[in-house]
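Observations on chain architecture
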Amino acid sequence: MFIVAITGGIATGKSTVSKVFQDNGIPVIDADKIARQIVEPGTPCWHKIKEVFGDEVFLPTREINRAALGKAIFNDKELRGKLNKITHPVIHRTIFKEVFKHFMTGKAWIVLDLPLLFETGILMDFIHKIICVTCDPDKQLKRLIERSELSEEDAKKRIDSQMPLEKKCEKSHFVIDNNGSIEDAQAAAQRICNMMNESKQHWRNRLSLLGFVFAILFVLYYVNKIFNIFPSLGSIKS
């Protein structure tokens, strides 16, 4: 199995691209969705956020007030770092579990929707190809303001907290320009999906893993033969 990552800036249209892969039957692990799930009322992350940020970032329903929390962390880099320390390890552990589940079911490849792929750098070594979804800064700002009902100042702070889009594009294997119509972005995503479906990389990965496992078993066999670490193995009759 191999992994394709979708990244980009906030409000550039990553969800539009992710849906194309989902519609083609490719599993998509959405980091933003996981981030929402792990802070539901009563979860360990929820309790830690309550300890650090207090009741000011919670609604009467006990759910996190995302607007209040967002305003707090994007106005204070130190607070943003504290939130990341609470949530990022859990998000990454959850992603690894989901990846392993898909690997065990024999999937050829999957997609990770990771807005902060380059910012965290945690999962870079596991990614085969990277798709960056981009658009003009003015369009990105307008989309974010309209989508999240933010002031222009708050929207700019959220955009500025991420790596510049041009740098993300430079680090990616594919770039989808989402300045045009939704249909244009979908068509670009479909072309990439078709390329990945034709790739034989998943066979190479599985053969490499199989070779590694056989190498470990081979070493263990000869170490045991010399040092008799596992005596019971020698008693097994063919």
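Here, the structure is the one placed above.
Presented here is an overview of the structure given in this document.

Criteria and cut-off values
Residues numbered from 1 in each chain as written. Predicted model: local features only at pLDDT ≥ 70, side-chain atom pairs only at ≥ 80, totals over all residues. Heavy atoms only, no water. Buried < 20%, exposed > 50% of the residue type's maximum accessible area, 1.4 Å probe, protein only. Helix = DSSP H or I, 4+ residues; strand = E, 2+ residues; numbered from the N terminus. Arc of directions from axis to C-beta. Contact = heavy atoms within 4.5 Å. Polar contact = N/O pair within 3.5 Å; in protein donor to acceptor, adjacent residues only side chain to side chain. Core = buried A, V, L, I, M, F, W, Y, C linked by side-chain atoms within 4.5 Å. Axes fitted to C-alpha atoms, helices over the stretch in contact; angles between N-to-C directions. Parallel < 35°, antiparallel > 145°, perpendicular 65-115°, else oblique. Left-handed = near helix turned anticlockwise from the far one by under 90°. Nonpolar A, V, L, I, M, F, W, Y, C, P; charged D, E, K, R; others polar. 1 Å grid on protein atoms, 1.4 Å probe; cavity = no way out; pocket = protein on both sides within 12 Å on 5 of 7 lines; lining within 4 Å. Points joined across faces, edges and corners; volume = space filled by probe spheres on them.

Focus on helix 4 (residues 66-74)
Within helix 4, the full set of buried residues consists of Leu 69, Gly 70 and Ile 73. Buried residues of helix 4, viewed axially, fall in a sector of 100 degrees; they line one side. On the buried face of helix 4, the contacting elements are helix 3 (44-53), helix 5 (77-104) and helix 8 (152-160). One side-chain oxygen at the N-terminal end of helix 4 lies 3.2 Å from the backbone nitrogen of Ala 67; it belongs to Asn 65.

Digging into the nonpolar core
Grouped together as the largest cluster of nonpolar side chains are 31 residues, with contacts concentrated most on Ile 49, Ile 95, Val 99, Leu 112, Leu 114 and Leu 117. Listed by contribution, the elements that provide at least two residues to this core are strand 1 (2-8), helix 2 (31-37), helix 3, helix 4, helix 5, strand 3 (109-113) and helix 6 (117-120). It is helix 5 that provides the largest number of residues to this core, a total of 6 residues. Leaving out residues up to four positions away in the same chain, Leu 114 has contacts with Ala 5, Ile 6, Thr 7, Ala 31, Ile 95 and Leu 123. By size, the runner-up hydrophobic cluster in this structure holds 20 residues, among which are Phe 21, Ala 189, Ile 192 and Met 196.

Side note on the packing of helix 4 against helix 8
At a closest axis distance of 10 Å, the pairing of helix 4 and helix 8 adopts a crossing angle of 65 degrees. Judged by the angle between their axes, helix 4 and helix 8 are roughly perpendicular. Helix 4 and helix 8 meet at a crossing whose hand is left-handed. On helix 8, the residues touching Ala 67, Gly 70, Lys 71 and Phe 74 of helix 4 are Asp 154, Lys 157 and Arg 158. Of the residues belonging to the contact of helix 4 with helix 8, the class tally is 2 nonpolar, 1 polar and 4 charged.

Things to note about the layout of surface pockets
Computed from the structure, the largest pocket encloses a volume of approximately 1,400 Å³. Lining the largest pocket are 45 residues, and of these Ile 10, Asp 32, Ala 35, Phe 74 and Leu 116 sit closest to its centre. When residues of the lining of the largest pocket are traced back to their parent elements, those giving at least two are helix 1 (14-23), helix 2, helix 4, helix 5, helix 6, helix 7 (137-148) and helix 8. Its residues placed into classes, the lining of the largest pocket shows 21 nonpolar, 12 polar and 12 charged.

Treat this as a map of the structure, not an account of what it does.
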